[in-house]
Amino acid sequence: MQRLITSVFLFVICIAGAPAQENITVGIGYQYGGIVGVKYNFKGEQDNFYASVGLLGGALGYQRFTDMSQQHAFGAMVGAEVLASESGFLALTYNYYPNGFSKSGWAFGASLGVRRTDEDVLNVGEIFGLDVEVKTTTLIGLNVGYTF
């Protein structure tokens, strides 16, 4: 988790000096770091880079807009989330912005990928010396957010 937070911090610092449009989105889903989170978007002409931090995790991602109205974006993300993918996840993403990305409004999306998880949700297995197996499973996620 510390590596993820450090990566998000370095990502934001690195992109802060480049000329682009920035906005903040609040939402739920993997793209927002889990249950509830904040996504910092850094958009170029047709590209959007983002870093998100949520109550249970975080993510870094990239999306490319496929139309001039900037309503549809496809991309990829990596991150970790404490309950379902504590060992990380990698997913392809799609987002739909009904008002366009540059305007305030709702954002809807979906994610499809893989996640690494164990069955020790409370992370107490190591304390008791139990052998905890990490498994790779399918990630299917929906996300909803609001852009300010």
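Located above this text is the structure these notes cover.
Analysis parameters
- Residues numbered from 1 in each chain as written.
- Predicted model: local features only at pLDDT ≥ 70, side-chain atom pairs only at ≥ 80, totals over all residues.
- Heavy atoms only, no water.
- Helix = DSSP H or I, 4+ residues; strand = E, 2+ residues; numbered from the N terminus.
- Buried < 20%, exposed > 50% of the residue type's maximum accessible area, 1.4 Å probe, protein only.
- Contact = heavy atoms within 4.5 Å.
- Core = buried A, V, L, I, M, F, W, Y, C linked by side-chain atoms within 4.5 Å.
- Phe/Tyr/Trp six-rings, centres within 6.5 Å; stacked < 30°, edge-to-face > 60°.
- Polar contact = N/O pair within 3.5 Å; in protein donor to acceptor, adjacent residues only side chain to side chain.
- Lys, Arg positive; Asp, Glu negative; His and termini not counted.
- Salt bridge = Lys/Arg side-chain N within 4 Å of Asp/Glu carboxyl O.

1. Re the overall build of the protein chain
Move 1: Summing up its helical and strand segments, the protein chain has one helix and eight strands in all.
Move 2: Helices (α) and strands (β) of the protein chain occur, in sequence order from the N terminus, as α-β-β-β-β-β-β-β-β.
Move 3: Across the 148 residues of the protein chain, 44% fall into the buried class.
Move 4: In the protein chain, once contacts between residues fewer than 6 apart in sequence are set aside, the share between residues at least 24 apart is 48%.

2. Examining the nonpolar core
Move 1: Core analysis: the largest hydrophobic core is formed by eight residues, namely Tyr30, Tyr50, Ala59, Met77, Ala84, Phe89, Ala91 and Leu139.
Move 2: Discounting chain neighbours no more than four positions away, the residues touching Tyr30 are Ala59, Met77, Glu81, Ala84, Ser85, Phe89, Arg115, Leu139 and Gly141.
Move 3: Counting residues in each nonpolar core, the second largest holds six residues, with Tyr32, Phe65, Tyr97 and Phe101 among its members.

3. Regarding the packing of aromatic side chains
Move 1: Overall, the coordinates contain eight aromatic pairs when judged by the stated rule.
Move 2: Between Tyr146 and Phe148 the ring centres are 5.3 Å apart and the planes differ by 70 degrees, which places this aromatic pair in the edge-to-face class.
Move 3: Overall, the relative accessible area of 30% leaves Tyr146 in the partly exposed class.
Move 4: Residue classification places Phe148 among the exposed positions, given a relative accessible area of 59%.
Move 5: Site record: aromatic cluster; members linked through ring pairs are Phe65, Tyr97 and Phe101.

4. Side note on unusual backbone geometry
For residues that are not glycine, phi is negative in most cases, and the peptide bond is trans in most cases.
Move 1: Unlike most non-glycine residues, Gln70 shows phi in positive territory, near 55 degrees.
Move 2: Mapped onto the elements of the fold, Gln70 is located in the loop between β4 (57-65) and β5 (72-81).

5. A word on the side chain of Thr147
Move 1: Within the fold, Thr147 resides in strand β8 (residues 134-147).
Move 2: For Thr147, a relative accessible area of 2% corresponds to the buried category.
Move 3: In terms of polar contacts, Thr147 uses its side chain to reach the side chain of Thr25, at 3.3 Å.
Move 4: Those residues in contact with Thr147 that sit more than four places away from it in its chain are Asn23, Ile24, Thr25, Phe101, Lys103, Ser104 and Gly105.

6. Things to note about the side chain of Lys39
Move 1: When you line up the elements, Lys39 lands in strand β2 (residues 34-43).
Move 2: Look at Lys39: it is buried, it has no salt bridge, and the nearest opposite charge is Asp47 at 14 Å.

7. Looking at the environment of Ser104
Move 1: With respect to the element layout, Ser104 can be found in the loop between β6 (85-96) and β7 (105-118).
Move 2: Exposure remark for Ser104: the relative accessible area of 42% places this residue in the partly exposed category.
Move 3: Expressed as a C-alpha distance, the spacing of Ser104 and Thr25, which sit 79 residues apart in the sequence, is 9.2 Å.
Move 4: The residues contacting Ser104, other than those within four sequence positions of it, are Asn99, Tyr146, Thr147 and Phe148.

8. Regarding the pattern of salt bridges
Move 1: Enumeration over the complete set of coordinates arrives at one salt bridge.
Move 2: Here Asp47 and Arg64 are joined by a salt bridge, their closest N and O atoms 2.8 Å apart. With a gap of 17 residues between them, Asp47 in strand β3 (residues 47-54) and Arg64 in strand β4 connect regions that are remote in the sequence.
Move 3: Overall, Arg64 belongs to the partly exposed group, its relative accessible area being 40%.

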